[in-house]
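# Structure at a glance
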Amino acid sequence: MTVHLEVAEGVGTLRLDRPPMNALDVATQDRLKELAEEAARREDVRAVVIYGGEKVFAAGADIKEMQAMDHAAMVLRSKALQDSFTAVARIPKPVVAAVTGYALGGGCELALCADYRIAGENAKLGQPEILLGLIPGAGGTQRLSRLIGPSRAKDLIFTGRQVRADEALALGLVDRVVPAGEVYTQAHAWAAKLAQGPAMALRAAKESVDTGLETDIDTGLAVERNWFAGLFATEDRERGMRSFVEEGPGKAKFL
């Protein structure tokens, strides 16, 4: 299998395993969707890390496989391609991408599906599809522009250039840069901390933010309002408020 789901301490690691460059061929895309949906369902998975290994995150699509496809074949495949990445983006739990080495094309688009991105100092990110006479097709034109703004996204998409970790941080494309050898450890620590938090409130927060980015503010406020009121029916809310009153802030233990 080219993608594995490993679970420890409430954290599910979606590990890409297609050496040497983790090229995202059709089989890998389908497996990624399958495991993302499994991680979303499993109660023992409370947060997720996406990781490609110590040397490379994912260097993009399998170009040789794509070269063999004609227009009709890609019309049939393109939705499945997007659906595999959307399955990751819609995991209703905190998701962090642990980026080492290259995250190009589909690899960059996969990192964009996470809620937070930790990159190694050796990371290089970009959307080089224009150099193939194409555009990003797994969500890059949409998620990248929402993350870093349309002008910066167009610069990367129009030129196809790669950015190193420091520039990616300045652009807002990644959220933290660490030594390459610490990427997975720090990503897992971020996820493990959130895995101890109130699962339903974290789900509500993620859905509220993501929905708000995709719609008008009135709809976004309605989603927030409904989730906010709904959380008053949860045990985590009772536990959190009781702990605050009795022990002070930040000491609640959630199930």
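Residues numbered from 1 in each chain as written. Predicted model: local features only at pLDDT ≥ 70, side-chain atom pairs only at ≥ 80, totals over all residues. Heavy atoms only, no water.

It is worth spelling out the sheet that holds strand 2 (residues 11–16) at this point. Read across the sheet, 6 strands follow the order 1-2-3-4-6-9 without closing on themselves; strand pairing throughout is mixed. For this open sheet the edge positions go to strand 1 (3–8) and strand 9 (176–178), each flanked by a neighbour on one side alone. This sheet shows a mean twist of 20 degrees between the axes of neighbouring strands, independent of strand direction. Summarising the sheet, strand 4 (residues 95–99) and strand 6 (residues 116–120) pair through 4 bridges and their orientation is parallel. Residue pairing across strands places A98 opposite I118, the latter belonging to strand 6. Sheet strands touched by helix 1 (residues 26–41): strand 1, strand 2 and strand 3 (47–51). Its angle to strand 1, the strand with the most contacts, is close to 25 degrees. (Pairing = 2+ DSSP bridges. Helix = DSSP H or I, 4+ residues; strand = E, 2+ residues; numbered from the N terminus. Axes fitted to C-alpha atoms, helices over the stretch in contact; angles between N-to-C directions. Contact = heavy atoms within 4.5 Å.)

Between two packed helices, what matters for the description is the angle formed by their axes and the separation of those axes. In the contact formed by helix 5 (residues 140–148) and helix 6 (residues 150–159), the axes pass within 7 Å of each other and the chain directions differ by 135 degrees. By the angle class used here, helix 5 and helix 6 are oblique. Between helix 5 and helix 6 the crossing geometry is right-handed. Across from G140, T141, L144, S145 and I148 in helix 5, the residues of helix 6 making contact are P150, R152, A153, L156 and I157. Of the residues that constitute the contact of helix 5 with helix 6, the class distribution is 6 nonpolar, 3 polar and 1 charged. (Parallel < 35°, antiparallel > 145°, perpendicular 65-115°, else oblique. Left-handed = near helix turned anticlockwise from the far one by under 90°. Nonpolar A, V, L, I, M, F, W, Y, C, P; charged D, E, K, R; others polar.)

With that settled, the discussion passes to the sheet that holds strand 7 (residues 124–126). Sheet strands associate in pairs through backbone hydrogen bonding, adopting either a parallel or an antiparallel arrangement. Read across the open sheet, the 3 strands follow the order 5-7-8; overall the sheet is mixed. A strand with exactly one partner marks an edge of an open sheet, and here the two such strands are strand 5 (102–104) and strand 8 (162–164). On average, each strand axis in the sheet is inclined to that of its neighbour by 20 degrees, with strand direction left out of account.

Another point: the pattern of salt bridges. Pairing is possible between side chains that carry opposite charge, provided their charged atoms lie close to one another. Under the defined criterion, the tally for this structure stands at 12 salt bridges. Taking the shortest distance from any N to any O, the salt bridge between R77 and D30 comes out at 2.8 Å. Taken as a pair, R77 in helix 3 (residues 71–89) and D30 in helix 1 lie far apart in primary sequence, 47 residues in all. The partner of D115 in a salt bridge is K206, with the nearest N and O atoms 3.0 Å apart. Pair noted here: D115 is in the loop between helix 4 (106–112) and strand 6 and K206 is in helix 9 (residues 199–214), with a separation of 91 residues, a long-range link. Looking at D115, the relative accessible area reads 32%, which means it is partly exposed. Sharing partners across several salt bridges, the network here consists of R18, D25 and D62. (Salt bridge = Lys/Arg side-chain N within 4 Å of Asp/Glu carboxyl O. Buried < 20%, exposed > 50% of the residue type's maximum accessible area, 1.4 Å probe, protein only.)

Strand 4 sits mainly inside the fold: 5 of its 5 residues count as buried. Burial along strand 4 is two-sided: the residues V95, A97 and V99 and V96 and A98 are all buried. Judged from the 4 bridges that link them, strand 3 and strand 4 form a sheet pairing that is parallel. In the sheet register, I50 faces strand 4, and the bridge partner there is A97.

Here the focus is unusual backbone geometry. Here P19 and P20 are connected by a cis peptide whose omega angle stands at 5 degrees. Despite not being glycine, E9 shows a phi value in the positive range, around 60 degrees. With respect to the helices, strands and loops of the structure, E9 is situated in the loop between strand 1 and strand 2. One non-glycine residue with positive phi stands out, namely N22, at about 55 degrees. Checked against the element boundaries, N22 lands in the loop between strand 2 and helix 1. Look at N22 and you get buried, because its relative accessible area is 4%.

Right, let's talk about the packing of aromatic side chains for a bit. Here the structure, examined in full by the defined rule, presents 3 aromatic pairs. Ring geometry for Y51 versus Y184: centroids 4.7 Å apart, planes at 35 degrees, classification tilted. Within this pair, whereas Y51 is found in strand 3, its partner Y184 is found in helix 8 (residues 183–195), the two being separated by 133 residues in sequence. Its relative accessible area of 9% is what places Y51 among the buried residues. A residue is classified by how much of its surface remains accessible, and Y184, at 25% relative accessible area, is partly exposed. Their ring planes at 75 degrees and their centres at 5.6 Å tell us that F228 and F232 sit as a pair that is edge-to-face. Assessed through its relative accessible area of 37%, F232 is described here as partly exposed. (Phe/Tyr/Trp six-rings, centres within 6.5 Å; stacked < 30°, edge-to-face > 60°.)

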